[in-house]
Amino acid sequence: SFFNRLKRGVSQYWQPFPAYRRRDPTGHIYGKKNRTTVLQITLNADGSLKHAQVYKSSGLKFLDREAIAAFKRAQPFPNPPSGLMNTQGHIQFPFGFNIDFSQRHGIRLPF
């Protein structure tokens, strides 16, 4: 349930299509290729974001930056389960953002 709440929270702030359209309004530069960014996320015990870095790039730096920005805007994530914390008191996990041009939406956890 924590990851479902986290996913809903981040999805409210993830806006890849405006950034994509600003850089490629006709779809001729980058095409309509589906793209996935996977971030490695580290949260503090209070649910605040400690670190977010690109683990797997979408191939477009501005989309990768938008994924990180969405996490920063969505934090903190309330009530992180203590059972998910490592010995340093952090929660670490991958988080995937998928742009699917056939459906105009898509955000998913890669696990």
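Up top is the structure.
Residues numbered from 1 in each chain as written. Predicted model: local features only at pLDDT ≥ 70, side-chain atom pairs only at ≥ 80, totals over all residues. Heavy atoms only, no water.

Caption draft 1: Up close: the packing of aromatic side chains. Applying the stated criterion across every chain yields a total of 10 aromatic pairs. A centroid spacing of 5.6 Å and a plane angle of 50° characterise the contact between Tyr-30 and Phe-62, whose relative ring orientation is tilted. Placement of Tyr-30 in the loop between helix 2 (16–23) and strand 1 (35–43) and of Phe-62 in helix 3 (residues 61–74) is noted, with a sequence separation of 32 residues between them. Of the residues examined, Phe-62 reaches a relative accessible area of 8% and is grouped as buried. Aromatic side chains Phe-71 and Phe-97 sit 6.3 Å apart centroid to centroid with 75° between the ring planes, which places their arrangement in the edge-to-face category. Of this pair, Phe-71 sits in helix 3 while Phe-97 is found in strand 3 (residues 91–100), placing the two residues 26 residues apart along the sequence. Accessibility classification places Phe-71 together with Phe-97 in one group, the buried group. Three or more aromatic residues joined by ring pairs form one cluster here, namely Trp-14, Phe-71, Phe-77, Phe-95 and Phe-97. (Phe/Tyr/Trp six-rings, centres within 6.5 Å; stacked < 30°, edge-to-face > 60°. Helix = DSSP H or I, 4+ residues; strand = E, 2+ residues; numbered from the N terminus. Buried < 20%, exposed > 50% of the residue type's maximum accessible area, 1.4 Å probe, protein only.)

Caption draft 2: Layout of the packing of helix 1 (residues 2–11) against helix 3. The contact between helix 1 and helix 3 brings their axes to 8 Å, and the two run at 110°. One finds that helix 1 runs roughly perpendicular with respect to helix 3. Between helix 1 and helix 3, the contacting residues are Leu-6, Gly-9 and Val-10 on the first element and Ala-70, Phe-71 and Ala-74 on the second. Taken together, the residues that form the contact of helix 1 with helix 3 break down as 5 nonpolar, 1 polar and no charged. (Axes fitted to C-alpha atoms, helices over the stretch in contact; angles between N-to-C directions. Parallel < 35°, antiparallel > 145°, perpendicular 65-115°, else oblique. Contact = heavy atoms within 4.5 Å. Nonpolar A, V, L, I, M, F, W, Y, C, P; charged D, E, K, R; others polar.)

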